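# Coordinates in review
As a plain string of letters, each chain reads:
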Amino acid sequence: MKVPFDISMLGMGYFSLDAAAVDKSPSEMVITDNKEETYYIVSREVYEDGPEQEGYKIVVNEGE
């Protein structure tokens, strides 16, 4: 049985995509859930360890 990922691992949520995109480093990405109300800055490893399987999508990739 798959354990759901802990959303607290995503850190602080942003309510503005622009604010999250400005705060992220070049090696990080911005992801959001299917409601697109909250944005999170994460590394590729964190994304692939849970949010990706939970339906979160990348809205700003690394290096952007």
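Below, the structure is looked at part by part. Every value quoted in this text rests on a predicted model; they were computed, and no experiment measured them. (Residues numbered from 1 in each chain as written. Predicted model: local features only at pLDDT ≥ 70, side-chain atom pairs only at ≥ 80, totals over all residues. Heavy atoms only, no water.)

## Topic: the overall build of the protein
On a plain count of helices and strands, the protein comes out with 2 helices and 3 strands. Listing every helix and strand of the protein by position from the N terminus yields α-β-β-α-β. Radius of gyration (C-alpha) of the protein: 11 Å, near the 11 Å computed for a compact globule of 64 residues. Each principal axis of the C-alpha atoms in the protein carries an extent, and together these give about 35 × 20 × 15 Å. Buried residues in the protein amount to 31% of all 64 residues. The contacts of the protein with a sequence gap of at least 6 include a subset with a gap of at least 24, amounting to 55%. Accessible area for the protein stands at about 4200 Å²; split by element, carbon and sulfur atoms hold 52% of it. (Helix = DSSP H or I, 4+ residues; strand = E, 2+ residues; numbered from the N terminus. Rg over C-alpha atoms; globule rule 2.2 N^0.38 Å. Buried < 20%, exposed > 50% of the residue type's maximum accessible area, 1.4 Å probe, protein only. Contact = heavy atoms within 4.5 Å. Areas by Shrake-Rupley, 256 points an atom, 1.4 Å probe, with all protein chains shown as cover.)

## Examining the side chain of D33
Mapped onto the fold, D33 is located in the loop between β1 (29-32) and β2 (39-42). A polar atom in the side chain of D33 sits 3.1 Å from the backbone nitrogen of K35. If we skip the residues at most four places from it in the chain, D33 touches T38 and Y56. (Polar contact = N/O pair within 3.5 Å; in protein donor to acceptor, adjacent residues only side chain to side chain.)

## Focus on the pattern of salt bridges
Summed over the entire model, instances satisfying the criterion amount to 2 salt bridges. When the shortest N-O distance is used, the salt bridge between K57 and E36 registers 2.4 Å. In this pair, K57 sits in strand β3 (residues 57-60) while E36 sits in the loop between β1 and β2, placing the two residues 21 residues apart along the sequence. Since its relative accessible area comes to 39%, E36 is described here as partly exposed. Among the ionic pairs, E62 bridges to R44, the shortest N-O distance being 3.0 Å. Of this pair, E62 sits in the segment after β3 while R44 sits in helix α2 (residues 44-48), placing them 18 residues apart in sequence. Take E62: its relative accessible area is 28%, and that puts it in the partly exposed class. Classification of R44 as partly exposed rests on a relative accessible area of 26%. (Salt bridge = Lys/Arg side-chain N within 4 Å of Asp/Glu carboxyl O.)

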